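# Coordinate inspection notes
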Amino acid sequence: MRTRRTIAAAAATAVLTVLSLSLAPASQAAPARYPHLNPGGQPRLVEKVPVNVVFLGYEPDRVPRADYQTELPRDYEPVVRSRLAYDVREELGLHYTYDYRISYADRRYEDRFFGELKRLARPAPLTALQTEYNAQQRNVLDITSNHHIDAPSVERWLAKNPPAGVDTRRNTVFFINWYGRSDFRFHVYTKTNEPDPDTGYNFGVERDSRKIIAWGGTTAKDEEDGLGSTHRIWFHDLSAGPESWTSNWNVDDPDLDGNGIEDYRMPPTWEYAAGGYRPAGALAGDLGRITRYVALNLLFTTSPLYPAELPTAEPPRSINLDSNVYEGWPGVDASRQYVKPGLLLSELRELRWRNRLDYDSQDLPFTGDAERCYTLAMEDVSCYPELDYPGFANFYLQNRKELARTQDDQGRVDYELPMFSYAVPAGTDVPALGFADDNYVDGTQTYVFAFVSPEVVEAGYGLTTTLIHEVGHHIGMSHPHDGYDSTTGLDYGPEDGFYFVGAGDQTNSMMSYIDLNWDFSQFDHDNSDRFLTAAYNEAANRLAADVLDSPRSHRARDELAAADRLLGRAKAALAAHQYPAAHAYADQAYGKVVDGARQAGVPTDRVAAQMSAEAKAARTSVEADQPHEFIDSLDPDGPRSQP
C-alpha cells in the first residue's frame, strides 16, 4: 500500500525551441542548426505506440467497440513522479501517441484457445476468495468447482499462437472471457516456480491470495519462463477467480475501507448482468478503464518514480551497490543469510545493461544513533529535531550524517548506490519491507532501505528481493499498481475510484507486490530504455549549451555534429520501437558531446548540478514534515499480507 500524501502536479512548460548557436569563434559568427541536438533544451522524442487489444470470448454486442474506446486516451507524456510531491512537473521530453488496433477473435481461434485452457486446467479446491464470494448475500451464482491453470503457459501459448494480424512483439492486451461456453471451467491462474531465494517460501503454492486472474510481461530470457523471443503480452480474465488482489470477490460492500468513497472494482464476468454487481452495459467501459489505467499507464508507457539519470555530476558508467547491514538480530548474520549478491546483481544488470555494476557489503552495529533513531522513527519522533524533519526521515538523516564511514569506493566507480538494511530482533516492529527514500527537498532519490526480522522471515521474505525492488525504484521504476495519468495530471494508486488497478500487480515484474517472480518485466525493460534515452539526450543537450558558450566552441564542431547524427538515430530507433538501440545511440551521443567539451576546455560535471538547481528553484513551498515516501509495506490489512 502507498502511505503518502496526495500528490498535486503544478503546470510547467518545456522550452522546445531549436536554438541556433555559433559553432565558430565569435569573430566568424557562423551559426549552426541541429535537427536533433537541442542545446540547452529538452529532448524531442516521439513514439507512435502500437497497442493491440484482442477480445477473446467477448463478442461485439457484449463489448461494443465505441463504448470501449470512449475510455481510451490519445497520448501520454511521462513525468518524474517524485517531483510531483514538491509541486514540480518535470517532463522527460518523451511524447507517446497511441495507435490502437482492436479485434475480436473469431470462433475458430476461440475454440483453439479455450481448448488449450481446458487442457492446462487441473482440478483444485476452491480458494478462500471463491469461498468468500459464495458467502456473499448478493452473488448471482455459487462457484461449485475450481481449476488451476499455469499462467506462464497461457502467456507462452498466446505468444506462439497469436490471432491472424496481431503482432505480439508490440504491446498486446488479451481480454479473456471463458464464461458462457459449454466447455467453461471455474478457474484461477497460478505461478509456482519461483520461491523466495532467501527463505524458500513459495507464495504461489502457499497463498490463495496469489491465485490470479491476469499475467504477462515475461521477457525472452527469463530464467524460469523465458519466451525465447521478445513479446509484449498481458492477459486479463474476468471469468477467472474471483481473487484477492482487486477484492472482486466482494459484491456486497461498495466501500471496503469505510471512508465514504466507493472502491471501484471489476467483478467476475457473470456479475455484469441484471441483478449483478454491475450492469451489463458497464462492461465495455470497465475494460476500457483497465486498458487505460492499468495496461497503458502502469505497464506499457509509464512514468518514472525517480529521475533515471541518478544524482551524479555526469551520467554514471559504473555503479557500486553499496550494501550496509545493521546486524541487530542476535545469533544471525543477516548479510550472509538473507542477501544473495549474485541474484541482486544479475537482475539489476539486465535492466541497467549499459552500466557496469558491482557489489560490496559491510556489517554495522545496531547500536548508538542507529538504534536510537530507528526506535524514534517507529514512534514518529525526530532524532534530529533541530532539522525540522518528520520522524520517518530518521533513517535518511542518520545515515546521511554517517555516510562517509560506509562509502569506500570513491574514485573507483562513478556512483555508489547506498543500501541500508536493518536486521532486528524478534518482537521489534519494522516500518516496512523496504523503501527508496528521497532528499526531502526536491524529490531526488537518496538511499535504499530494507528490513528483516524473525517475523518478516516467517512471512516469507529475506532481504534480497526487497533490495532488488527498492533499487528498482531508486533507478526510476514505479510499481505496476500506482502511476500517473498525463491527461488528467493525476497520480493514483489502488484506492477508492481506482481500486481495480491492483490488477497491474499480476505481472511478471520485480516491481509488483505479487511475490511470484524476481525479474524485471519486458515492460520494465522497455520503459527503462526509453527513460535513459531521454536522460542521455537531455544531458547531451545541456552540455552542448555549455560547449557553445565557450570561446573555443569551434574546436567541438565535429563532435557536436556527430552527436546530432547519433541523436537522429536514437529518435529513429525509438520511433521503430527499438528501445535498446535508442538508449545506446543516445548514450553514444552524450559521449560525443563530452569529447567536444574536452576539446573546447569545458568541464563536463555541471549537468546534474544545473538540473537539480532548476528543480529546486521551480518547486513551491512544501512542509518537510508531510510524508511523501513510496513505502513498500507489509501492512497486515494490505493485499501482500493476505493468506
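What you are looking at is a predicted structure, and each value in this text was computed from that prediction instead of being measured. (Residues numbered from 1 in each chain as written. Predicted model: local features only at pLDDT ≥ 70, side-chain atom pairs only at ≥ 80, totals over all residues. Heavy atoms only, no water.)

As enumerated under the stated definition, the model contains 52 aromatic pairs in all. The interplanar angle of 65° and the centroid separation of 5.6 Å between the aromatic rings of F420 and Y447 together place this pair among those described as edge-to-face. In this pair, F420 sits in strand β14 (residues 415-423) while Y447 sits in strand β16 (residues 445-452), placing the two residues 27 residues apart along the sequence. Residue F420 is classed as buried on the basis of its relative accessible area of 0%. The ring of Y96 carries R530 above its face, with NZ or CZ at 4.9 Å from the centroid. It is R530 that lies over the ring of Y579; its NZ or CZ is 4.3 Å from the centre. (Phe/Tyr/Trp six-rings, centres within 6.5 Å; stacked < 30°, edge-to-face > 60°. Helix = DSSP H or I, 4+ residues; strand = E, 2+ residues; numbered from the N terminus. Buried < 20%, exposed > 50% of the residue type's maximum accessible area, 1.4 Å probe, protein only. Lys NZ or Arg CZ within 6 Å of the ring centre and 35° of its normal.)

What follows deals with the pattern of salt bridges. Under the definition given, this model contains 31 salt bridges. The shortest N-O distance in the salt bridge between D183 and R181 comes to 3.0 Å. In this structure, D183 and R181 share a single accessibility class: buried. A salt bridge links R542 to E538, with the nearest nitrogen and oxygen atoms 2.9 Å apart. (Salt bridge = Lys/Arg side-chain N within 4 Å of Asp/Glu carboxyl O.)

β16 sits mainly inside the fold: eight of its eight residues count as buried. Strand direction decides the pairing type here: strand β15 (residues 434-438) and β16, joined by four bridges, are antiparallel. By the bridge assignment, G434 is partnered in β16 with A450. Turn length for the β15-β16 hairpin, with the two strands adjacent in sequence and antiparallel, is six residues, and the turn residue Y440 shows positive phi of about 60°. (Pairing = 2+ DSSP bridges.)

Ranked by size, the top nonpolar core spans 158 residues in total, and within it F55, Y68, F113, L158, Y189, L287 and L321 carry the most contacts. Not counting residues within four places of it along the chain, the set of residues in contact with L287 comprises F55, Y58, V63, Y68, F175 and L238. Y86, C383, L403 and F451 belong to the second-largest nonpolar core, a separate cluster that totals 27 residues. (Core = buried A, V, L, I, M, F, W, Y, C linked by side-chain atoms within 4.5 Å. Contact = heavy atoms within 4.5 Å.)

Right, let's get into the confidence of the model for the chain. When pLDDT is averaged along the chain, the result is 90; 89% of the residues meet or exceed 70. Contacts from residues 1-30, a stretch scored under 50 in pLDDT, to residues over four places away or in other chains number 85 contacts. Note that pLDDT drops below 50 for residues 614-629; the model gives that stretch 36 contacts with residues more than four away or on any other chain. (pLDDT = per-residue confidence, 0-100.)

With their axes 8 Å apart at the nearest point, helix α15 (residues 557-575) and helix α16 (residues 579-600) run at an angle of 170° to one another. In terms of orientation, α15 lies roughly antiparallel with respect to α16. Along its contact with α15, which presents E559, L560, A562, A563, L566, L567, R569, A570, A573 and L574, the element α16 presents Y579, A581, A582, Y585, A586, Q588, A589, K592, V593, D595, G596 and Q599. (Axes fitted to C-alpha atoms, helices over the stretch in contact; angles between N-to-C directions. Parallel < 35°, antiparallel > 145°, perpendicular 65-115°, else oblique.)

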